[in-house]
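Understanding the architecture of this molecule
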There are 2 protein chains.
Amino acid sequence: MELDARKVTILKAIIKTYLETGEPVGSRTISKYSDLQLSSATIRNEMSDLEEMGYIIQPHTSAGRIPSDKGYRFYVDQIMEEKDQEVTEIKELMVQRVDRVELLLKKMAQILAANTNYAAMISGPQYHQNKLKFIQLSRVDERKLLVVTVVEGNIIKNAIIDVNEAVGDEELLNLNILLNTSLNGLTIEEINLGVISRLKEKAGLHSHVVELVLNEVAEAIRVDEEELEIYTSGATNIFKYPELSDGEKASKLLSTFEQKEVLQDLIDEVNQNEHDSDTGIQVYIGDEMPVQGMRDCSVVTANYELGEGLRGTIGIIGPKRMDYEKVLGTLKNLMNQLDMTFKKEKGD
Amino acid sequence: MELDARKVTILKAIIKTYLETGEPVGSRTISKYSDLQLSSATIRNEMSDLEEMGYIIQPHTSAGRIPSDKGYRFYVDQIMEEKDQEVTEIKELMVQRVDRVELLLKKMAQILAANTNYAAMISGPQYHQNKLKFIQLSRVDERKLLVVTVVEGNIIKNAIIDVNEAVGDEELLNLNILLNTSLNGLTIEEINLGVISRLKEKAGLHSHVVELVLNEVAEAIRVDEEELEIYTSGATNIFKYPELSDGEKASKLLSTFEQKEVLQDLIDEVNQNEHDSDTGIQVYIGDEMPVQGMRDCSVVTANYELGEGLRGTIGIIGPKRMDYEKVLGTLKNLMNQLDMTFKKEKGD
DNA sequence: TATTAGCACTCTTAAAAGCCGAGTGCTAAT
DNA sequence: ATTAGCACTCGGCTTTTAAGAGTGCTAATA
């Protein structure tokens, strides 16, 4: 059977209506609603076809039709091509002074959740490829040193280490100079054994301290990786959608959403796919969802990038009947904003 | 009417049973369950009395009784006196290397939620009275300086500031020395205008930089205050309690729990009361709860202290029929662990 | 006098029955 | 190819019914 223009129109009308109401939509509704002047009987015939083709489903005889996952997929693919703008008020909020990436992400999650009325998640940046920008060693106690590590993108990590040896002021200064001249500009991967042993050699007496410091640098990265920095917001928005908010489902869903590991899995999965590499936006509908326990939902994901190689993932999670247009619009918009903001900062 | 020993026994039995089952408990149950050998009829009479005295309630005629808030209160006060130990496996988890307070708190919330099967919240430390321990200025770009602030308790804050003037290496060194000699050991409040103007004077040429740095120091504190650092975990545990998990209530509750401001209000309230100043543990039951939207719950709060003046609040939120014994035990235990850990570190 | 047995009564909850209406599928007419 | 019309289906809602748990009261008992 052919999916001709009229069928497409009707299918779109069905999905759109369903997105709004959340109720199965019947032939009469479409007959009145859509601009093509057809009787409900005709619509019924078409709907029958559409059902046979797998785009819509009847939850039970004598109910209207609801979109199948395939139907949603069709719809999403359609508007993916069409949409591209729509300016939201995210702009103003972005202007606010943000000095820590963490804060920015938290805020972004909140904005997204508030704007879309769905749940939002944002993974913190994973910065494997990042260059070390700066190391600073300072004494805070007799035998405690503060190690501050700054990597490209101005991500700052602190750690306090116990050293068993006394380190004089001058020695400390030298260590700082040594560390910075040797390591700055290198990526994490580039700091290999060769570099390290050379470093220790030069450090002479205090090679032990160097070792501790390097541990901290590595640790800072490592911790960050396994720490699953994922910010979420608006989880309770799901209560706005009856089909998700009955006890059983809500419980499972919220629990899933609370488990950062699971979200991490989702993000990993998403990053492997990357099939719409243009914008990096992907949509998973229902059973397409890689994560068990969210099979009643859809998720729209996007990759963001803050400056050099600092990239992470955003996800909007909502019911299958989520307003894809709006979500896609909002996301694209946010991406633009981020781009602008960080281009500007870079240009400064 | 007198609350004699037998009434107390019966009351306790009722509450205990109710805590386990979550269902109204009838006279027959108690008659069989409790060790005092009485017929259900007698129990009924006593229950009637207890109801009249306000300790228990009949949700409707011909249902069993459930504890009133007053009843819970009685019960809690009883075991408050009794309990004091019970070692959990929190210990092991605490041993894990924790260098950032933030991480520790997150982990604590998780442990508490997992251990109790209720929701847990922990407020970050509020450190008004804290002494500045150390300031470090470093250059990261031509015109950008990194300001690292360490306060007592090894809380570290970073900020990057733009300076419009070039600052040479030597000048930077001098500024560092100046800042540290002038400010170290002072509390935030002690850094007043007098100190500041003296400082600027000494800084001479770079008084502008000093100003920026001080702004950052202040900002670091301020941000922290309004940033509402509250960590939560186990919100979805409420689905384990049918009386909380019906759509309406669950939604309201979880939303409340998601709003950090509200939780902050709760904590503020708690801190004003402080009536059991011994352990700082307080229990709010039902309508005693300062926060609207959690009136169907109870919350057990405690104050923790990490080292000098670094104090915050912990809350366990669950149904009114929460296992007070366990929660109180767990909390006290955690307090001890914290004390031990930080005493030890201090002694090191 | 305190306790207990017994019984009628109440009220909730669960299941069953019945009704309503939206929506379909099919047929016949246009 | 489209439409009108009609019988039929089936989920959701309300009402009814039944069952069960628990009480309160009274009268018997120790």
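Predicted model only: the values in this text are computed from it and were never measured.

**Brief notes about the interface of chain B and chain A**
- Across the contact, 35 residues belong to chain B and 36 residues belong to chain A.
- When chain B packs against chain A, close to 3,000 Å² is buried across both sides, 54% of that on carbon and sulfur atoms.
- Along the contact surface separating chain B from chain A lie eight residue pairs in polar contact (both at pLDDT 80 or more).
- Breaking the side of chain B that touches chain A down by element, the ones donating at least two residues are helix 6 (101–116), strand 4 (132–141), strand 5 (144–151), strand 6 (155–162), helix 9 (207–226) and helix 11 (247–258) of chain B.
- Of the residues forming the side of chain B that touches chain A, the biggest block, seven residues, is contributed by strand 4 of chain B.
- Class assignment of the residues belonging to the side of chain B that touches chain A gives a composition of 12 nonpolar, 10 polar and 13 charged.

**Quick word on the packing of helix 7 (residues 169–183) of chain B against helix 8 (residues 193–203) of chain B**
Residues and elements named next belong to chain B.
- Axis separation between helix 7 and helix 8 bottoms out at 11 Å; the angle between their running directions is 155 degrees. In terms of their interaxial angle, helix 7 and helix 8 are classed as roughly antiparallel. Helix 8 is crossed by helix 7, and the crossing has right-handed handedness. Every residue of helix 8 that contacts helix 7 at Leu175, Leu178, Leu179, Ser182 and Leu183 is listed here: Val195, Leu199, Lys202 and Ala203.
- Its residues assigned to classes, the contact of helix 7 with helix 8 comprises seven nonpolar, one polar and one charged.

**Section: the protein's contact with DNA strand D**
- The local shell around DNA strand D holds 20 residues, among which Arg6, Thr42, Thr61 and Ser62 of chain A together with Ser27 of chain B are the closest.
- Sugar plus phosphate: this is where 78% of the atoms of DNA strand D within 4 Å of the protein reside.
- One of the side-chain N or O atoms of Arg6 of chain A is found 2.9 Å from a phosphate oxygen in DNA strand D.
- Going through the elements one at a time, helix 3 (40–52) of chain A together with helix 3 (40–53) of chain B are the ones with two or more residues in the surface near DNA strand D.
- The biggest single contributor to the surface near DNA strand D is helix 3 of chain A, with four residues.

**Topic: the pairing of strand 8 (residues 282–285) of chain B**
All names here are of chain B.
- The two faces of strand 8 match: Gln282 and Tyr284 on one face and Val283 and Ile285 on the other face are all buried.
- Sheet topology places strand 8 next to strand 9 (residues 297–306); four bridges connect them, and they run antiparallel. By the bridge assignment for strand 9, Tyr284 is matched with Val299.

**With respect to the side chain of Ser68 of chain B**
Residues and elements named next belong to chain B.
- Within the fold, Ser68 resides in the loop between strand 2 (66–67) and helix 4 (69–82).
- Residue class for Ser68 comes out buried when judged on its relative accessible area of 6%.
- Beyond its immediate chain neighbours, meaning those up to four positions away, Ser68 contacts Gly54, Tyr55, Ile56 and Ile57.

**Quick word on helix 12 (residues 260–273) of chain A**
- End to end, helix 12 of chain A covers 20 Å across 14 residues, agreeing with the expected 20 Å (1.5 Å per residue, within 8%).
- All of the buried residues along helix 12 of chain A are Val262, Leu263, Gln264, Leu266, Ile267 and Val270 of chain A.

**Overview of the protein's contact with DNA strand C**
- If you check the shell around DNA strand C, you find 20 residues, and the closest are Ser27 of chain A together with Arg6, Thr42, Thr61 and Ser62 of chain B.
- Put simply, 78% of the atoms of DNA strand C that lie within 4 Å of the protein are in sugar or phosphate.
- For DNA strand C, a phosphate oxygen lies 2.6 Å from a polar atom in the side chain of Thr42 of chain B.
- Take Ser62 of chain B: an N or O atom from its side chain is 2.9 Å from a base oxygen of DNA strand C.
- Elements supplying a minimum of two residues to the surface near DNA strand C: helix 3 of chain A together with helix 3 of chain B.
- Ranked by residue count, the leading element in the surface near DNA strand C is helix 3 of chain B, at four residues.
- A class-by-class count of the residues in the surface near DNA strand C yields four nonpolar, 12 polar and four charged.

**Here's the deal with the relation of the copies chain B and chain A**
- Of the two same-sequence chains, chain B is brought onto chain A (RMSD 0.1 Å, axial shift 0.0 Å) by a rotation of 179 degrees. Between the two chains, the operation in question is that of a two-fold axis. Considering only C-alpha atoms, the part of chain B nearest the rotation axis is Gly247 of chain B, at 3.1 Å.

**Some thoughts on a negative patch on the surface**
- A contiguous patch of negative charge, built from Glu261, Asp265, Asp268 and Glu269 of chain A, is present on the exposed surface.
- Mapping Glu269 of chain A onto the fold places it in helix 12.

**Considerations on the domain arrangement of chain A**
Residue and element names in this part refer to chain A.
- Once the domains are mapped, chain A shows domain 1 (5–67), domain 2 (82–128 + 227–347) and domain 3 (132–221).
- Taken together, the seven residues of domain 1 in the interface contact five residues of domain 2.
- Between domain 1 and domain 2, roughly 400 Å² of surface is buried when both sides are summed, and carbon and sulfur atoms account for 51% of that area.
- Our enumeration of links across domain 1 and domain 2 arrives at one salt bridge.
- Ionic pairing is found between Glu325 and Lys16, a salt bridge with its closest N-O pair at 3.9 Å.

Rules used in this analysis
- Residues numbered from 1 in each chain as written.
- Chains lettered and ligands numbered in written order.
- Predicted model: local features only at pLDDT ≥ 70, side-chain atom pairs only at ≥ 80, totals over all residues.
- Heavy atoms only, no water.
- Contact = heavy atoms within 4.5 Å.
- Buried area = accessible area lost by both parts, 1.4 Å probe.
- Polar contact = N/O pair within 3.5 Å; in protein donor to acceptor, adjacent residues only side chain to side chain.
- Helix = DSSP H or I, 4+ residues; strand = E, 2+ residues; numbered from the N terminus.
- Nonpolar A, V, L, I, M, F, W, Y, C, P; charged D, E, K, R; others polar.
- Axes fitted to C-alpha atoms, helices over the stretch in contact; angles between N-to-C directions.
- Parallel < 35°, antiparallel > 145°, perpendicular 65-115°, else oblique.
- Left-handed = near helix turned anticlockwise from the far one by under 90°.
- Near = heavy atom within 4 Å.
- Buried < 20%, exposed > 50% of the residue type's maximum accessible area, 1.4 Å probe, protein only.
- Pairing = 2+ DSSP bridges.
- Expected span 1.5 Å × (residues − 1).
- Least-squares fit on C-alpha atoms with pLDDT ≥ 70 in both.
- Patch = residues over 30% accessible without salt bridge, like charges linked within 9 Å, V, L, I, M, F, W, Y side chains within 5 Å.
- Areas by Shrake-Rupley, 256 points an atom, 1.4 Å probe, with all protein chains shown as cover.
- Salt bridge = Lys/Arg side-chain N within 4 Å of Asp/Glu carboxyl O.
- Lys, Arg positive; Asp, Glu negative; His and termini not counted.
- Charge placed at Lys NZ, Arg CZ, Asp CG, Glu CD.
- Domains from an automatic or database assignment.

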